[in-house]
Amino acid sequence: MYRINLYPEYRARRRDLLHRSLRLALQTLLTGAVLLAIASIGLSASLLHERLGDVHERAEAASRRIQSQSQQQRALLAARRMLEIRAARKDWSPLLSALSEKTEEGLVLVRLEGKMSEDGEGELEIWGESSGRDAQISVFTRFVETLGADDRFRGDFPELRLESVQDGANSRFQIVGGKSRS
């Protein structure tokens, strides 16, 4: 037997049921989409956090390399400066060697002063004494001439002169070497 319902309330219930079913399906679909969006955002945040960690590690490594390079550059600059200073220094060894070779017996060197200015000009002062029979001005003059004839002195101090002589029991003398460029 067939049942046909011609009453409008059955239709209204059926329409309400269909609307509720559609609403429920739509809500389920929207809830799923929201959950999918939340999961996607969480996954993106996780990946972004990993990348950020990698970037921080790379930045720290680069910072260490830069710091190491700057320390190396400072050390290199210091070494270069020391080499420049050393190259600009005057080597007094040949002059002192010549002085010890040319000092006659009876002469005593009391004080030596060697100066080099920044522009490369040099000055040498020698103080000495002689006692007894060797205390004559001719001994001092001969000493100055002997030093002046030596190539090691002539190259650096072409103008050696006897500056002062004090006569007495111990005669004293002072020799000054003129300005020179080295």
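Here, the structure is the one placed above.
Residues numbered from 1 in each chain as written. Predicted model: local features only at pLDDT ≥ 70, side-chain atom pairs only at ≥ 80, totals over all residues. Heavy atoms only, no water.

Trainee: Give me the overall build of the protein: which residues, what numbers.
Mentor: A count of helices and strands for the protein gives four helices and four strands. Taken from the N to the C terminus, the helices and strands of the protein come in the order α-α-β-β-α-α-β-β. Contacts spanning at least 24 positions in sequence make up 56% of the contacts within the protein whose residues lie at least 6 apart. (Helix = DSSP H or I, 4+ residues; strand = E, 2+ residues; numbered from the N terminus. Contact = heavy atoms within 4.5 Å.)

Trainee: Which residues make up the nonpolar core, and what are the values?
Mentor: The biggest cluster of nonpolar side chains holds 16 residues, and the ones touching the most others in it are Phe-143, Leu-147, Phe-153, Leu-160 and Ile-175. For this core, the secondary structure elements donating two or more residues are α2 (93-102), β2 (121-131), α3 (137-149) and β4 (170-181). Here this core takes five residues from α3, the largest share from any one element. Phe-153 has contacts with Leu-95, Ala-98, Leu-99, Leu-124, Leu-147, Pro-158 and Leu-160, leaving out every residue within four places of it along the chain. (Core = buried A, V, L, I, M, F, W, Y, C linked by side-chain atoms within 4.5 Å. Buried < 20%, exposed > 50% of the residue type's maximum accessible area, 1.4 Å probe, protein only.)

Trainee: Give a detailed account of the packing of α2 against α3, specifying residues and quantitative values.
Mentor: The axes of two packed helices give the description: the angle between them and the distance between them. Packing of α2 against α3 brings their axes to within 10 Å, and their N-to-C directions diverge by 140°. In terms of their interaxial angle, α2 and α3 are classed as oblique. The element α2 and its partner α3 pack so that their crossing is right-handed. Contacts between α2 and α3 involve Ala-98, Leu-99 and Lys-102 from the former and Phe-143, Thr-146 and Leu-147 from the latter. Across the contact of α2 with α3, the residue classes tally to four nonpolar, one polar and one charged. (Axes fitted to C-alpha atoms, helices over the stretch in contact; angles between N-to-C directions. Parallel < 35°, antiparallel > 145°, perpendicular 65-115°, else oblique. Left-handed = near helix turned anticlockwise from the far one by under 90°. Nonpolar A, V, L, I, M, F, W, Y, C, P; charged D, E, K, R; others polar.)

Trainee: Explain the side chain of Glu-125 to me, and be specific about the residues and the numbers.
Mentor: You can see Glu-125 is positioned in strand β2. Once residues within four sequence positions are removed from consideration, Glu-125 is found in contact with Arg-111, Leu-112, Glu-113, Gln-174, Ile-175 and Val-176.

Trainee: Lay out the pattern of salt bridges in plain terms, naming residues and giving numbers.
Mentor: Applying the stated criterion across every chain yields a total of five salt bridges. Two residues, Glu-101 and Arg-152, come together in a salt bridge whose shortest N-O distance is 2.8 Å. Of this pair, Glu-101 sits in helix α2 while Arg-152 sits in helix α4 (residues 151-156), and the two are 51 residues apart along the sequence. Given a relative accessible area of 29%, Arg-152 falls into the partly exposed group. Through salt bridges that share partners, Glu-101, Lys-102, Asp-150 and Arg-152 make up one connected network. (Salt bridge = Lys/Arg side-chain N within 4 Å of Asp/Glu carboxyl O.)

Trainee: Lay out the environment of Val-144 with the relevant residues and their values.
Mentor: Relative to the assigned elements, Val-144 resides in helix α3. Taking C-alpha positions, Val-144 is 9.8 Å from Gly-177, a pair spaced 33 residues apart along the chain. Discounting residues that sit within four places of it in the chain, Val-144 has contacts with Leu-160, Arg-161, Leu-162 and Ile-175.

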